[in-house]
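Take a look at the letters that make up each chain.
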Amino acid sequence: MSVTTLDINFIRSQFPILHQEVNGHPLVYFDNAATTQKPIKVIEALGDYYKLHNANIHRGAHALADRSTGFFEDTRKSVQQFINAKEAAECIFTKGVTESINLVAQTYGKAFLKPGDEVLISYMEHHSNIVPWQMICEETGAHLKVIPIHENGELDLEAFYKLLSVQTKIVACVWASNALGTINPVKEIIDSAHKVGAIVLLDGAQAGSHLPINVQQLDVDFLTLSGHKLYGPTGVGVLYGKRELLDKMPPYQGGGEMIKEVSFESTTYNEIPFKFEAGTPNIGDVIAFKYALEFVNGIGKDAIIQWESKLLNHFNAGIREFGSNRIKLFGAAKEKVAVQSFLLEGKHPFDTGLLLDARGIAVRTGHHCTQPLMKFFGIEGTVRASFAVYNTMEEVDVLLDSLKKMVNR
Amino acid sequence: MSVTTLDINFIRSQFPILHQEVNGHPLVYFDNAATTQKPIKVIEALGDYYKLHNANIHRGAHALADRSTGFFEDTRKSVQQFINAKEAAECIFTKGVTESINLVAQTYGKAFLKPGDEVLISYMEHHSNIVPWQMICEETGAHLKVIPIHENGELDLEAFYKLLSVQTKIVACVWASNALGTINPVKEIIDSAHKVGAIVLLDGAQAGSHLPINVQQLDVDFLTLSGHKLYGPTGVGVLYGKRELLDKMPPYQGGGEMIKEVSFESTTYNEIPFKFEAGTPNIGDVIAFKYALEFVNGIGKDAIIQWESKLLNHFNAGIREFGSNRIKLFGAAKEKVAVQSFLLEGKHPFDTGLLLDARGIAVRTGHHCTQPLMKFFGIEGTVRASFAVYNTMEEVDVLLDSLKKMVNR
Amino acid sequence: MTSTEIQNEIIDDFSLFEEDMESKLFYLMDLGKKLPEMPLEHKTEEFIVKGCQSKVWLYPVKQDGKLFFEADSNTEITKGLVSLLVKILSGKTPSEIVETDLYFIEKIGMNHMIGSQRSNGFASMIKQMKMYAFALTQNN
Amino acid sequence: MTSTEIQNEIIDDFSLFEEDMESKLFYLMDLGKKLPEMPLEHKTEEFIVKGCQSKVWLYPVKQDGKLFFEADSNTEITKGLVSLLVKILSGKTPSEIVETDLYFIEKIGMNHMIGSQRSNGFASMIKQMKMYAFALTQNN
Ligand SMILES: Cc1ncc(COP(=O)(O)O)c(C=O)c1O
Ligand SMILES: Cc1ncc(COP(=O)(O)O)c(C=O)c1O
């Protein structure tokens, strides 16, 4: 699909939030890696759910419960299609990537990690893909090993192959880095890990809205997604897992929905996906999430990637033009999603962030929940601009102008 | 406050969902114990959040992030006031009661239960207050003990006192039963438990919308609430805990937000409430939840209880009038919330439920996630009508009429 | 009668009730009562089809290349629905059963009985009948 | 000058920028540069006030019943804000400090710097100054 088919004005018209002023300037929202904005159909679906259908699901004999259950399971099918899972039942709804990873660590990890086993993560992981593994390694006696990276933000694959061994039981790796944008060679990682008998969990938080996803072709064991980073509401996440793994994992939380039969003597658990969905789920947001997936499908991932790359390239070209000696860019991997970290020489990122906010530009500043990565670069944090499909070249120019003014002051 | 001050038409006008037809009849929603409907202000707050403010919270330097963080923490303060907690930080946002109980079981339970210790629950618990304790008892070697109940659905307090001992470490008890309506004597339970050094967790799922809550006066250690049963959106729950307990508990899920500093060698955790809120929270729904609390406050718990009791009494009086020999009521505790389980002689609850649905009446049928309780009564399930503040006497009459027709057929 | 003819007859019967769901359900319950009693020895765990709330027993008998079904349910409405399925599918060949489009369900306004997952044994029962017949077609 | 007079002067200065947030921030950064340098030996872990992203150091000195503050920050804008606090509160008595209503923050349009929890060290700093002064009033 060619970029010219992407009607940016039409896309922007679907996002009410974009049409406001901040500090007297039109809002320029470049904090998309933290959370994306939501198209009007998602917002309306939420409202409609509560105005027309709301009921608790799965156990109801009445019309509202029936309708709600249907819609809820419809989203599961949409997720299945979105990631090309073999079955809808392999798609479990969680709160977000963080919960999805904790779920795997506390069930698969707890059941199958033994002292001396190794869990491999990378230097560029988000805290959500570090701390759960630290916790379960401490509990089980397994060891956490870290794949180093190159200065340009790419994974050190040679080191990865050296670390990989029959001791490796789990490789947990970010698909696309939220701090650097690096897209990791996940197919290669998965195939190599499988050769030593390890399973692979991908942190797809940043992949979700930017990259085409095909779990069967990847042959990935677990994939995690956050709805709120994928044009959906907050409070919805996905854990995809292969049925053979999910079936043999112990349950995570106990409660309603996840049981088959409960007695004080013994309790039997339900089948997937319900086994991992204890309690009343986040019904409204799950139902609305479907419209976020449809929004992405409507444009197409190819068109999205092309457009976002253009934005990223335009930004980086601009920086090179006027600021290369005063602005340091972090992350120069060959394959990147549209995320760019940078620092103004001698300037604290917080100051830069506030100055940009004064011009209506929303960027994120700080460690981006990747403190070890920041330590690798010897810094405390960066300023990060991250682009989504509704951003424009003109908005990138506004950011470039503001930065130019700052470095020339 | 006298009942006459409750303007039922005004209240109903705030709930768009109530004004629809189901199977050609006006909807009569009596499935409130499963989930309540949402007032328009809650729905609008959700929409406004996504149309005007949406951003990831706590770490942002920009205006939207600032606004969102402020609103999010405002809800925490509202929760604090709603339950009269000493500090807002003692109020942790979860997905719902199920997650809140699992959190306590997997942190407090895991850290402090030893083999031989005892956890006390009751016969009328919801699966969400059974299974998490079964799981942690199995893991720690503690024993699960069950407080029996009387035929009328009241707790057997004598038996409770016999079971209570210095072995008892945790008493986890439902405040108001979702299947029977029974309000348990929680103050007495808490005080007695404290005397033997046990802590008490209350499952407040059904208490939230019906009963006044004052955690300091109760001196309860943990209280759990589900937003969706309290006129709020799905996907939001509360765990209240005393600071002294929360402070010494290990964290639950690992990830962003819940850490102070992360390195591969060692990670330090954040303070409460953030220690227990890993990952991006359900920001939108939490923000909207505040308006649910305001809705309840606006009417007042006293007025709510009075009105709901009237509905319950009217229903039970009606049944006694025409159906006492064909309809069996379950749950005759002296203190009850407006929940009534019943069975038509020789009729499966599912059939009754479908027939009522045919008349537009939404009730719940089945075991209500209380299988052990059903076993106690020697039944598989019941039909349950549960009332909320927006229900009317006329609606109760519609239900009574339909039941009358069924028993006379 | 072909399964299409039977379905059309059922649709005709139900059309009398128009949109009156309650009457339809009462009628279904009456239909269920006419379902031939299922031999107790066939109502075993093995032949149970579990829904969330209602159970269905389904016992298939093969005779002269045709499939016959005995069935029962613990809930009256589901039993009524089940009796319709038996009426339509019992005595047909496996391939006929596999190919039958059960359009009557929607036409009589009962699609909510199979719409949502796990809501009752009826949906599972249809699946079970079809699977059984399918297995037999594969066998030949 | 009383703290009220100083605050009013600050509000006056900032009123020139009207709603131009960027200019206000640049001005704040310039003000920060004029803050007397804090002796390095006082910039220790003990006197750090941590925000989410910016750090503030605060060193109180008691002299003749009055409180003086040395301060610094690792971010320029926070440092500017901190310099204003020092200007207003340094050299006042503990009870004056406790009682001072820092209304200038809102008037110069900087309440978002203290509005949201943990957003930066500025809010913590105000709390710290007040607590320190409060402790001294209790002492008397
Ligand atoms: C008494 C009781 N406890 C626990 C729960 C579980 O609540 P949730 O599904 O919101 O986690 C419920 C609601 O189903 C309930 O009624
Ligand atoms: C790469 C990556 N992993 C994990 C997360 C955590 O996602 P969430 O906060 O939605 O659980 C994020 C987002 O913050 C992320 O960017």
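Residues numbered from 1 in each chain as written. Chains lettered and ligands numbered in written order. Predicted model: local features only at pLDDT ≥ 70, side-chain atom pairs only at ≥ 80, totals over all residues. Heavy atoms only, no water.

## Considerations on helix α3 (residues 63-83) of chain B
Here is step 1: Here α3 of chain B is 21 residues long and its end C-alpha atoms lie 31 Å apart, about the 30 Å a rise of 1.5 Å per residue gives.
Here is step 2: Within α3 of chain B, 15 of the 21 residues are buried, which leaves the element mostly enclosed by the surrounding structure. (Helix = DSSP H or I, 4+ residues; strand = E, 2+ residues; numbered from the N terminus. Expected span 1.5 Å × (residues − 1). Buried < 20%, exposed > 50% of the residue type's maximum accessible area, 1.4 Å probe, protein only.)

## Brief notes about the sheet that holds strand β5 (residues 118-122) of chain A
Residue and element names in this part refer to chain A.
Here is step 1: If you walk across this open sheet you meet the seven strands as β4-β10-β9-β8-β7-β5-β6, and the pairing is mixed. The two strands at the open ends of the sheet, each matched to only one other strand, are β4 (91-94) and β6 (143-147). Adjacent strand axes in the sheet meet at a mean angle of 20°, parallel and antiparallel pairs treated alike.
Here is step 2: Sheet topology note: the strand β7 (residues 168-174)/strand β8 (residues 199-203) ladder contains five bridges and is parallel. Looking at β8, one finds that Ala172 is bridged to Leu201.
Here is step 3: In this fold helix α3 (residues 63-83) packs onto β4, β9 (222-226) and β10 (237-241), with an angle of close to 115° to the strand it touches most, β4.
Here is step 4: Of the strands in this sheet, β5, β6, β7 and β8 touch helix α5 (residues 131-140), which is tilted by about 145° from β6. (Pairing = 2+ DSSP bridges. Axes fitted to C-alpha atoms, helices over the stretch in contact; angles between N-to-C directions. Contact = heavy atoms within 4.5 Å.)

## A word on the site of ligand 2
Here is step 1: Within the structure, ligand 2 sits among 15 residues, and Thr98, Asp203, Ser226 and Lys229 of chain A together with Thr280 of chain B are positioned closest to it.
Here is step 2: In this structure, ligand 2 sits where chains A and B come together, each supplying nearby residues.
Here is step 3: A distance of 2.8 Å separates an oxygen atom of ligand 2 from a polar side-chain atom of Lys229 of chain A.
Here is step 4: Expressed as a share of its isolated accessible area of 390 Å², the protein-covered part of ligand 2 is 97%. (Near = heavy atom within 4 Å. Polar contact = N/O pair within 3.5 Å; in protein donor to acceptor, adjacent residues only side chain to side chain. Areas by Shrake-Rupley, 256 points an atom, 1.4 Å probe, with all protein chains shown as cover.)

## Describing the interface of chain A and chain B
Here is step 1: Taken residue by residue, the interface counts 89 residues in chain A and 89 residues in chain B.
Here is step 2: Summed over the shared surface of chain A and chain B, the result is four salt bridges.
Here is step 3: For the salt bridge of Glu139 of chain A with Lys110 of chain B, the shortest nitrogen-to-oxygen distance reads 3.5 Å.
Here is step 4: Our count for the chain A to chain B interface comes out at 48 residue pairs in polar contact (both at pLDDT 80 or more).
Here is step 5: Broken down by element, the side of chain A that touches chain B gets its largest block of residues, eight residues, from helix α2 (residues 40-53) of chain A. (Salt bridge = Lys/Arg side-chain N within 4 Å of Asp/Glu carboxyl O.)

## With respect to the pairing of strand β10 (residues 237-241) of chain B
Residue and element names in this part refer to chain B.
Here is step 1: The element β10 is extensively covered by neighbouring structure, given that five of its five residues are classed as buried.
Here is step 2: Here β10 shows no split at all, with Gly237, Leu239 and Gly241 on one side and Val238 and Tyr240 on the other all buried.
Here is step 3: The pairing of strand β4 (residues 91-94) with β10 spans four bridges and is classified as antiparallel. Across the sheet, the residue bridging to Phe93 is Val238, located in β10.
Here is step 4: Across five bridges, strand β9 (residues 222-226) lies against β10 in antiparallel orientation. Each bridged residue has a counterpart across the sheet, and for Phe222 the counterpart in β10 is Gly241.

## Re the site of ligand 1
Here is step 1: Taken together, 15 residues sit near ligand 1, with Thr280 of chain A together with Thr98, Asp203, Ser226 and Lys229 of chain B positioned nearest.
Here is step 2: At the site occupied by ligand 1, nearby residues are drawn from chains A and B.
Here is step 3: Take Asp203 of chain B: an N or O atom from its side chain is 2.5 Å from a nitrogen atom of ligand 1.
Here is step 4: When isolated, ligand 1 has an accessible area of 390 Å², and the protein chains bury 96% of it.
Here is step 5: Here the residues of the shell around ligand 1 are counted per class, giving three nonpolar, ten polar and two charged. (Nonpolar A, V, L, I, M, F, W, Y, C, P; charged D, E, K, R; others polar.)

## Brief notes about the sheet that holds strand β3 (residues 66-73) of chain D
Residues and elements named next belong to chain D.
Here is step 1: Pairing within the open sheet is antiparallel, and its three strands lie in the order β1-β2-β3. At either margin of the open sheet sits one strand with a lone partner, and together these are β1 (48-50) and β3. This sheet shows a mean twist of 30° between the axes of neighbouring strands, independent of strand direction.
Here is step 2: Bridge count for strand β2 (residues 55-63) against β3 is eight bridges, and the pairing is antiparallel.

## Brief notes about the side chain of His126 of chain A
Here is step 1: Along the polypeptide, His126 of chain A turns up in the loop between β5 and α5.
Here is step 2: Other than its neighbours up to four places away in sequence, His126 of chain A contacts Asn178, Asp203, His368, Cys369 and Thr370 of chain A together with Gly256 of chain B.

## Digging into the packing of helix α12 (residues 349-358) of chain A against helix α2 (residues 21-33) of chain D
Here is step 1: At a minimum axis distance of 7 Å, the contact between α12 of chain A and α2 of chain D shows a crossing angle of 150°. It follows from the interaxial angle that α12 of chain A and α2 of chain D lie roughly antiparallel. The crossing of α12 of chain A and α2 of chain D is left-handed. Contacts from Leu354, Leu355 and Ala358 of chain A in α12 of chain A reach Met21, Glu22, Leu25, Phe26 and Met29 of chain D in α2 of chain D.
Here is step 2: Counted by class, the contact of α12 of chain A with α2 of chain D contains seven nonpolar, no polar and one charged residues. (Parallel < 35°, antiparallel > 145°, perpendicular 65-115°, else oblique. Left-handed = near helix turned anticlockwise from the far one by under 90°.)

## Re the relation of the copies chain A and chain B
Note on the chain copies: they are related by a rotation about an axis and a translation along it.
Here is step 1: Mapping chain A onto chain B calls for a screw motion: a turn of 180° about the axis and a shift of 0.0 Å along it, with 0.0 Å RMSD after fitting. When the rotation and shift are considered jointly, the pair of chain copies conforms to a two-fold rotation axis. (Least-squares fit on C-alpha atoms with pLDDT ≥ 70 in both.)

## Here's the deal with the arrangement of the chains
Here is step 1: Most contacts, among the five pairs of chains that meet, fall between chains A and B.
Here is step 2: At their nearest point, the C-alpha atoms of chain C and chain D are still 44 Å apart, with no contact between the two.

## Side note on helix α4 (residues 97-112) of chain B
Here is step 1: Helix length check: α4 of chain B (16 residues) gives 21 Å between terminal C-alpha atoms against 22 Å at 1.5 Å per residue, within 8%.
Here is step 2: With 13 of 16 residues buried, α4 of chain B is to be regarded as a mostly interior element.

## Some thoughts on the packing of aromatic side chains
Here is step 1: Summed over the entire model, instances satisfying the criterion amount to 43 aromatic pairs over all chains.
Here is step 2: Residues Tyr252 of chain A and Tyr252 of chain B carry aromatic rings whose centres are separated by 6.3 Å and whose planes lie at 15° to one another, so their mutual orientation is stacked. Of this pair, Tyr252 of chain A sits in the loop between α9 (243-248) and β11 (259-262) while Tyr252 of chain B sits in the loop between α9 (243-248) and β11 (259-262), placing the two residues on different chains.
Here is step 3: In this structure Tyr252 of chain A comes out as buried when scored by relative accessible area, which is 9%.
Here is step 4: Pairing Tyr49 of chain B with Tyr50 of chain B gives two aromatic rings, centres 4.9 Å apart and planes at 65°, and the pair type is edge-to-face. The pair formed by Tyr49 of chain B and Tyr50 of chain B is uniform in burial state, with each residue classed as buried.
Here is step 5: Through a chain of ring-to-ring contacts, the aromatic side chains of Tyr123, Phe330, Phe376 and Phe377 of chain A together with Phe264 of chain B assemble into a single cluster. (Phe/Tyr/Trp six-rings, centres within 6.5 Å; stacked < 30°, edge-to-face > 60°.)

## A short note on the domain arrangement of chain A
Interface size is commonly expressed as the accessible area that is lost once the parts come together.
Residue and element names in this part refer to chain A.
Here is step 1: Split into domains, chain A comes out as domain 1 (3-35 + 300-407) and domain 2 (43-298).
Here is step 2: The straight-line distance from the C-alpha centre of domain 1 to that of domain 2 is 28 Å.
Here is step 3: The interface of domain 1 with domain 2 comprises 37 residues on the first partner and 35 residues on the second.
Here is step 4: Taken over both partners, the interface formed by domain 1 and domain 2 buries close to 3000 Å², and the fraction arising from carbon and sulfur atoms is 60%.
Here is step 5: Taken as a group, Lys301, Val337 and Phe376 account for 22% of the area that domain 1 buries against domain 2, more than any other trio of residues on that side.
Here is step 6: One can count one salt bridge joining domain 1 with domain 2.
Here is step 7: The closest approach of N and O atoms between Lys334 and Glu154, which form a salt bridge, is 3.3 Å.
Here is step 8: Scanning the region where domain 1 abuts domain 2 turns up 21 residue pairs in polar contact (both at pLDDT 80 or more).
Here is step 9: When contributions to the side of domain 1 that touches domain 2 are tallied by element, the ones reaching two or more residues are α11 (301-323), β14 (339-344) and α13 (371-376).
Here is step 10: In terms of residue count, the dominant contributor to the side of domain 1 that touches domain 2 is α13 (five residues). (Domains from an automatic or database assignment. Buried area = accessible area lost by both parts, 1.4 Å probe.)

## Regarding the environment of Asp66 of chain A
Residues and elements named next belong to chain A.
Here is step 1: Tracing the sequence through the fold places Asp66 in helix α3.
Here is step 2: For Asp66, a relative accessible area of 12% corresponds to the buried category.
Here is step 3: Expressed as a C-alpha distance, the spacing of Asp66 and Glu151, which sit 85 residues apart in the sequence, is 54 Å.

## Description of empty space enclosed by the protein
Here is step 1: Tallied over the entire structure, the rule returns six cavities of 30 Å³ or more.
Here is step 2: Here the largest cavity defines a volume of roughly 160 Å³.
Here is step 3: Lining of the largest cavity is provided by 16 residues; of these, Lys95 of chain A together with Phe93, Thr94, Glu99 and Glu277 of chain B occupy positions nearest its centre.
Here is step 4: Looking at the lining of the largest cavity, the elements with two or more residues in it are β4 and α4 of chain B.
Here is step 5: Here the lining of the largest cavity is composed, by residue class, of eight nonpolar, five polar and three charged.
Here is step 6: What the second largest cavity holds in volume is close to 90 Å³.
Here is step 7: Around the second largest cavity, the lining residues are Phe93, Thr94, Gly235, Phe276, Glu277, Ala278, Gly279, Thr280, Pro281, Asn282 and Val286 of chain A together with Lys95 of chain B.
Here is step 8: Counted by class, the lining of the second largest cavity contains five nonpolar, five polar and two charged residues. (1 Å grid on protein atoms, 1.4 Å probe; cavity = no way out; pocket = protein on both sides within 12 Å on 5 of 7 lines; lining within 4 Å. Points joined across faces, edges and corners; volume = space filled by probe spheres on them.)

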